[in-house]
Amino acid sequence: MRYGPAVRRRKLGAELRRQRDLAGLTSGEAARRLGWHQSKVSRIETGRSGAKPADVTRLLDLYEVADPELRALLEALCGGGASDPEGSRRGWWHAYRDLLPPAYRDFISLEAEASHAYTLETTVVPGLLQTPDYARTVTRAALSDLPQPQVDALVEVRIARQSVLYGGEPLRLHAVLDEAVLRRAVGGPEVMAAQLRHLVTLGEMPQVCVQVLPYSAGMPIGITSPFIIFSFPHITDLDVVVLDHLTSSLYLERKEDLRAYSAAFDVLRSHALAPEDSLTFISKIGGGA
């Protein structure tokens, strides 16, 4: 179990090593061709040190990796991608780098590069589905000592993150929400009613699937804490489970962890209401909020 930046380095290094193997080169040969010491290639591949975007680009050129999506993903994993010509899903958070801790920036970058996200929420509406007023209430409750301008900036970040749900290749989000998420009157009746209407609107989008795990389902599996699984295009070895804690996020990257949480998510969604029934359920609660 590692925090985000270390996970990114290891996953980037593992994929660069795989691409080197596909190119039929040893680490020493790759280093020689680039005029590097072999230890530099080894440190990058094992995740012991970070890689500069320019170094990753040179390695990908050497390995003749032509797939633009794969190149963009790997460059983003090393902190690149800020010059993305589309300017939509990569790098926008750099404007907030003085406000956001490294682990949160890392989470945002993974979210921006993922193709699918599967999440269980037991307490609050997932950040990608929150309204500004709901997000402000949640942020203020979690960070009560923070000055209001910083709270507002964090809310801006949370709303800006939602851009991943739009555009030509949006993130496909599948969220299972415990019924308690819908019953908890965050921000008061008006804020909560607007949030529930927003949930229904987003749940009708083809790239968003919302399912409610009602109280009547009991506890189908012994997982009661929120988690999210990020899945990436091209490279399943980059998939990762993120567990949120009050002051940090924990990243699980082992294949057995991914299998366990993926299986848990399948069980949870099988016990949840169907997507259409879930939206009806949310609308009924919203009518009384």
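Draft legend 1. View of the pairing of strand 4 (residues 227-231). Within strand 4, 5 of the 5 residues are buried, leaving the element largely enclosed by the surrounding structure. In strand 4, alternate side chains face the same way, and those of Phe227, Ile229 and Ser231 on one face and Ile228 and Phe230 on the other are all buried. Bridging between strand 1 (residues 116-121) and strand 4 involves 5 bridges; their strand directions are antiparallel. In the strand pairing of strand 4, Ala117 is matched with Phe230. Where strand 4 meets strand 5 (residues 240-244), 4 bridges bridge the pair, whose relative direction is antiparallel. Considered in strand 5, the bridge of Phe227 is made with Leu243.

Draft legend 2. How the structure looks around the packing of aromatic side chains. One pass over the full model with this rule turns up 3 aromatic pairs. One Lys or Arg, Lys40, reaches over the ring of Trp36 and ends 4.0 Å from the middle of that ring.

Draft legend 3. Representation of the nonpolar core in the model. Formed by 68 residues in total, the largest nonpolar core has its most connected members in Leu129, Phe230 and Ile282. Here the element with the most residues in this core is helix 10 (residues 189-203); it accounts for 6 residues. Apart from the residues within four sequence positions on either side, Leu129 is in contact with Gln162, Leu165, Leu173, Ala175, Gln195, His198, Leu199, Leu202, Val208 and Val210. Core analysis: the next-biggest nonpolar cluster, separate from the first, contains 14 residues, Phe227, Val241, Leu268 and Ala272 among them.

Draft legend 4. Here's a closer look at the packing of helix 4 (residues 53-62) against helix 5 (residues 68-77). Contact geometry for helix 4 and helix 5: axes closest at 9 Å, N-to-C directions at 150°. Considering the angle they form, helix 4 stands roughly antiparallel to helix 5. Note that helix 4 runs across helix 5; the crossing there is right-handed. Of helix 5, the residues touching helix 4 (which contributes Val56, Thr57, Leu60 and Asp61) are Arg71, Leu74 and Glu75. The residue makeup of the contact of helix 4 with helix 5, split by class, is 3 nonpolar, 1 polar and 3 charged.

Draft legend 5. Focus on the pairing of strand 3 (residues 208-213). Burial of strand 3 is extensive: 6 of the 6 residues sit out of reach of the surface. Side-chain alternation along strand 3 places Val208, Val210 and Val212 on one buried face and Cys209, Gln211 and Leu213 on a second face that is also buried.

Draft legend 6. Representation of the pattern of salt bridges in the model. Across all of its chains, the model carries 12 salt bridges by this definition. Among the ionic pairs, Arg136 bridges to Asp133, the shortest N-O distance being 3.3 Å. Separated by 3 residues within a single helix, Arg136 and Asp133 lie in helix 7 (residues 132-142), roughly one turn from each other. Owing to a relative accessible area of 45%, Asp133 belongs among the partly exposed residues under this scheme. Residues Glu256 and Arg254 are paired through a salt bridge, measuring 3.5 Å at the closest nitrogen-oxygen approach. Accessibility expressed as a relative area gives 40% for Glu256, which makes it partly exposed.

Draft legend 7. Molecular detail of the environment of Phe230. Looking at where Phe230 falls in the secondary structure, it is placed in strand 4. Phe230 gets classed as buried once you look at its relative accessible area, which sits at 0%. Taking the C-alpha atoms as reference points, Phe230 and Val241, separated by 11 residues in sequence, lie 6.4 Å from one another. The residues contacting Phe230, other than those within four sequence positions of it, are Phe107, Leu110, Glu111, Ala114, His116, Ala117, Asp239, Val240 and Val242.

About the criteria used
Residues numbered from 1 in each chain as written. Predicted model: local features only at pLDDT ≥ 70, side-chain atom pairs only at ≥ 80, totals over all residues. Heavy atoms only, no water. Buried < 20%, exposed > 50% of the residue type's maximum accessible area, 1.4 Å probe, protein only. Helix = DSSP H or I, 4+ residues; strand = E, 2+ residues; numbered from the N terminus. Pairing = 2+ DSSP bridges. Phe/Tyr/Trp six-rings, centres within 6.5 Å; stacked < 30°, edge-to-face > 60°. Lys NZ or Arg CZ within 6 Å of the ring centre and 35° of its normal. Core = buried A, V, L, I, M, F, W, Y, C linked by side-chain atoms within 4.5 Å. Contact = heavy atoms within 4.5 Å. Axes fitted to C-alpha atoms, helices over the stretch in contact; angles between N-to-C directions. Parallel < 35°, antiparallel > 145°, perpendicular 65-115°, else oblique. Left-handed = near helix turned anticlockwise from the far one by under 90°. Nonpolar A, V, L, I, M, F, W, Y, C, P; charged D, E, K, R; others polar. Salt bridge = Lys/Arg side-chain N within 4 Å of Asp/Glu carboxyl O.

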